[in-house]
Amino acid sequence: MNSPPEPPSDAELLTRHLDGDQHAFSEIVKRHRDRMWAVALRTLGDPDEAADAVQDAFVSAYRKAHSFRGEAAVTTWLHRIVVNACLDRMRRKSVRPVADDELIEAAERDTPMPDQTGEREVSMEVSAALKRLPADQRAALVLVDMMGYSVEDAAQVLSVPSGTVKSRCARGRAKLAPILSHLRNRTDLSRVSSAKGAELRDG
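The text that follows walks through the structure, step by step, so that each part is easy to find.

How each quantity is defined
- Residues numbered from 1 in each chain as written.
- Predicted model: local features only at pLDDT ≥ 70, side-chain atom pairs only at ≥ 80, totals over all residues.
- Heavy atoms only, no water.
- Phe/Tyr/Trp six-rings, centres within 6.5 Å; stacked < 30°, edge-to-face > 60°.
- Helix = DSSP H or I, 4+ residues; strand = E, 2+ residues; numbered from the N terminus.
- Buried < 20%, exposed > 50% of the residue type's maximum accessible area, 1.4 Å probe, protein only.
- Axes fitted to C-alpha atoms, helices over the stretch in contact; angles between N-to-C directions.
- Parallel < 35°, antiparallel > 145°, perpendicular 65-115°, else oblique.
- Left-handed = near helix turned anticlockwise from the far one by under 90°.
- Contact = heavy atoms within 4.5 Å.
- Nonpolar A, V, L, I, M, F, W, Y, C, P; charged D, E, K, R; others polar.
- Polar contact = N/O pair within 3.5 Å; in protein donor to acceptor, adjacent residues only side chain to side chain.

## Digging into the packing of aromatic side chains
For the structure on display, the rule yields 3 aromatic pairs. Look at Phe25 and Phe58: their rings are 6.4 Å apart centre to centre, the planes differ by 90°, and that puts the pair in the edge-to-face class. Within this pair, whereas Phe25 is found in helix H2 (residues 24-44), its partner Phe58 is found in helix H3 (residues 47-63), the two being separated by 33 residues in sequence. Here Phe58 falls in the buried class, since its relative accessible area comes to 10%. An aromatic cluster is present here, built from Phe25, Phe58 and Tyr62 joined pairwise through their rings.

Here it is as structure tokens:
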């Protein structure tokens, strides 16, 4: 019995899209929208703004598919676009404060997991603290501390040297430390993926 064919790679789908395949880009969206949503939500801290940023990013990627040169993975290229969309929104206007119930609902959509009230409180505190950081530091911390990117991969997404990512993370963590110091000994902290920035690791 023949094994099923392997699904096309992201790069192959992008090529098919450029060749006129009407379904190829939709498959790319299906594969990556959840992670792009997570990046946008954690960067902006607002579900509505995050949804708009992801939509803007996919529209931009659709229109600029010809600019993909294959120098980085398609995922890196897409995340660069969504991070830039988030940063553009942060620069254009102040993101409105988010109600607690919105953050809870967004967190449940983002990363389903056994959730406790304490974990939700930590997640909301970290989100609120991140909003105090400059846009460049916030983006670096979201990618490295919250999404698990290596410094090198985050540097590719942000189009800056690795050293710049390290320094932005270090400055961001230093600013978060006094705000989130009361969370250091919370036993549930390590189980909240969106609160990894609060672990305050040395830069």
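## Quick notes on the packing of helix H4 (residues 74-92) against helix H8 (residues 151-158)
Running from amino to carboxyl end, H4 crosses H8 at an angle of 60°, the nearest separation of the two axes being 8 Å. Relative to H8, H4 is oriented oblique. In terms of crossing hand, the pair formed by H4 and H8 is right-handed. Along the contact surface, H4 presents Thr76, His79, Arg80 and Val83, while H8 presents Gln156, Val157 and Leu158. Broken down by class, the residue content of the contact of H4 with H8 amounts to 3 nonpolar, 3 polar and 1 charged.

## Considerations on the environment of Met146
Within the secondary structure layout, Met146 lies in helix H7 (residues 135-146). Overall, Met146 belongs to the buried group, its relative accessible area being 6%. Linking Met146 and Arg42, residues 104 residues apart in sequence, is a C-alpha distance of 8.1 Å.

## Here we look at the side chain of His79
For His79, the location among the structural elements is in helix H4. In this structure His79 comes out as buried when scored by relative accessible area, which is 2%. At 3.3 Å, the side chain of His79 forms a polar contact with the side chain of Tyr149. Beyond its immediate stretch of four places on either side in the chain, His79 contacts Arg35, Met36, Val39, Tyr149 and Val157.

## A word on the environment of His32
Tracing the sequence through the fold places His32 in helix H2. For His32, a relative accessible area of 9% translates into the label buried. Separated by 26 residues in the primary sequence, His32 and Phe58 have C-alpha atoms spaced 10.0 Å apart. When neighbours within four sequence positions are excluded, His32 is seen to be in contact with Asp10, Phe58, Thr75 and Leu78.

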